[in-house]
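This is what each chain is made of:
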Amino acid sequence: MNSSEAARLAARHGLKPSVQRPSLPAYVGQLWQRRHFTLSYARARLTSYYATATLGQIWHVLTPLLNVAVYWFVWGYLLKKTDGTGDNYIAFLCVGMFVFTYSRESIAAGTWSICNRLELIRAFHFPRACLPIATTLVQLQQLALSMGVVVAICLATGEPVTSRWLLLLPALVLQTVFNLGVGMLMARIGARNHDIGELMPFVLRTWMYTCGVFYSIAKVTGHAPAAVRMVMEANPGALYIELARHALLAGYGKLTPHIWAMSAGWAVVSLAVGLVACWQAEDRYGRG
């Protein structure tokens, strides 16, 4: 029996698909109605992540700190490539590493969020976008711990507390919206093609090298063509790092023009694209 014959047979007997895609506004409403499920699922995932590790969630802080030590040794001590990073390279490096880790882990976890939960999808009815949203919330909870470490390092290395520190909150809000949108988009792609999940670590590592985590983009692109400099400065990963550094580091340079507008633009566009992409495949997730 082909698909058209099956459709006619179902219509004759009044059968309807068990999962139908609602309209986009209705889908957003369902996401809001299931917010308690999403929050509970995020808490459960956070608890299970490091349940078998002796140090638990401390590894979420230790891993970036170990990377900071490696990059400081290579870039700050051996190569001495710290021009344009201000007068506090340790804090510069820590802010870049922890802020980028938030995006990297959100996107990586979002890629696997649907394809690794097929049993849950087939057993319960809920908007599938709840899963990548929950993974972003998990990383957001871990970011709170990470930012505590970053603030402590900034204070320990002599950074003064100024009113600019208040700008960190809107910067992280914009980054969270961006992470959420990209996470939903990658969840849709990863559900269709599992090879993408295997490729993502290499993509994200390459992206890190272009975000100025351990070097100054303005300094490196100073003699580059204008097009290259514009692309590097408009990189969303670099934008959110720059906003965080400007907020926390008193001796860091001025922000590039329109950085807040570009950051907000990336956040809005990614959220819209990710939500629509995730919604469009709502009736196909979990099928064999």
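A brief structural summary.

Rules used throughout
Within each chain, residue numbers correspond to sequence positions counted from 1 in written order. Local features are withheld for residues below a pLDDT of 70 in this predicted model, meaning they are given only at 70 or higher, and side-chain atom pairs are given and counted only at 80 or more; totals for whole chains, interfaces and linings count all residues. Values reported for side chains reflect all heavy atoms of the structure, with hydrogen atoms and water molecules removed beforehand. Candidates for patches are residues over 30% relative accessible area with no salt bridge; among them, like charges are joined within 9 Å and nonpolar side chains (Val, Leu, Ile, Met, Phe, Trp, Tyr) within 5 Å. Accessible areas in this description were obtained via Shrake-Rupley with a 1.4 Å probe; residue shielding takes into account the shown protein chains only. Should a side-chain nitrogen of Lys or Arg be within 4 Å of a carboxyl oxygen of Asp or Glu, the pair is scored as a salt bridge. For helices the rule is a DSSP run of H or I covering at least 4 residues; for strands it is a run of E covering at least 2, with both sets numbered from the N terminus onward. Axes here mean lines fitted to C-alpha atoms, for a helix over just the part in contact, with angles spanning 0 to 180 degrees between N-to-C directions. Angles are sorted into four bins: roughly parallel if under 35 degrees, roughly antiparallel if over 145, roughly perpendicular if 65 to 115, and oblique for all others. Handedness of a helix crossing follows the sense of rotation of the near helix relative to the far helix, less than a right angle counterclockwise being left-handed and clockwise being right-handed. Between two residues, a contact is recorded if the distance between any of their heavy atoms is within 4.5 Å. Here the term charged refers only to Asp, Glu, Lys and Arg, the term nonpolar to Ala, Val, Leu, Ile, Met, Phe, Trp, Tyr, Cys and Pro, and the term polar to all other amino acids, Gly among them. Only protein chains enter the accessibility calculation, which uses a 1.4 Å probe; a residue is then buried when its area is under 20% of its type maximum, exposed when over 50%, and partly exposed in between. To estimate how far a helix should reach, multiply one less than its number of residues by 1.5 Å. Polar contacts, as used here, are pairs of N or O atoms within 3.5 Å; protein pairs need one atom able to donate a hydrogen and one able to accept it. Residues neighboring in sequence count only if both atoms are side-chain atoms. For this analysis, a ring pair means two rings from Phe, Tyr or Trp (six-membered ring only for Trp) whose centres lie within 6.5 Å, classed as stacked if their planes differ by under 30 degrees, edge-to-face if by over 60, and tilted for the remaining angles. Note that a disulfide, as used here, is simply two cysteine sulfur atoms within 2.5 Å.

## Brief notes about a nonpolar patch on the surface
Part 1 of the reasoning: A contiguous nonpolar surface patch, about 710 Å² in accessible area, is contributed by Val70, Trp72, Phe73, Val74, Tyr77, Leu78, Leu79 and Ile90.
Part 2 of the reasoning: Per-element accounting of the nonpolar patch gives the leading share, six residues, to helix H4 (residues 59–78).
Part 3 of the reasoning: Checked against the element boundaries, Trp72 lands in helix H4.

## Description of the packing of helix H5 (residues 89–112) against helix H12 (residues 236–248)
Part 1 of the reasoning: It is at 9 Å that the axes of H5 and H12 come closest, and there the two elements cross at 140°. Our classification of the angle between H5 and H12 gives oblique. Here H5 and H12 pass one another in a crossing that is right-handed. Residue-level inspection shows Phe92, Val95, Gly96, Val99 and Phe100 of H5 in contact with H12, the latter providing Tyr240, Ile241, Ala244, Arg245 and Leu248.
Part 2 of the reasoning: Residues belonging to the contact of H5 with H12 are distributed by class as follows: eight nonpolar, one polar and one charged.

## Observations concerning the pattern of salt bridges
When the charged atoms of two side chains lie near each other, side chains of opposite charge can form a pair.
Part 1 of the reasoning: According to the stated counting rule, one finds two salt bridges in the structure shown.
Part 2 of the reasoning: In this structure, Glu105 engages Arg104 in a salt bridge whose closest nitrogen and oxygen atoms are separated by 3.1 Å.
Part 3 of the reasoning: Taking the relative accessible area as the measure of exposure, Glu105 reaches 28% and is therefore partly exposed.

## Observations concerning H12
Part 1 of the reasoning: With 13 residues, H12 should cover 18 Å at 1.5 Å per step; its first-to-last C-alpha distance of 19 Å lies within 8% of that length.
Part 2 of the reasoning: Burial analysis of H12 places 13 of its 13 residues in the buried class, which makes it a mostly covered element.
Part 3 of the reasoning: Sitting at the head of H12, Asn235 places a side-chain oxygen 3.0 Å from the backbone nitrogen of Gly237.

## Some details on the packing of aromatic side chains
Part 1 of the reasoning: One pass over the structure, following the stated rule, counts ten aromatic pairs.
Part 2 of the reasoning: Both rings, one in Phe37 and one in Phe126, keep their centres 4.9 Å apart while their planes meet at 45°; by these two values the pair is tilted. Here Phe37 is found in helix H3 (residues 35–49), whereas its partner Phe126 is found in the loop between helix H6 (118–123) and helix H7 (130–156), with 89 residues between them in sequence.
Part 3 of the reasoning: Of the residues examined, Phe37 reaches a relative accessible area of 30% and is grouped as partly exposed.

## Here's the deal with the state of the cysteines
Part 1 of the reasoning: As enumerated under the stated definition, the model contains zero disulfides in all.
Part 2 of the reasoning: Cys154 supplies the cysteine sulfur nearest to Cys94, a cysteine that is in no disulfide, at a spacing of 7.4 Å.

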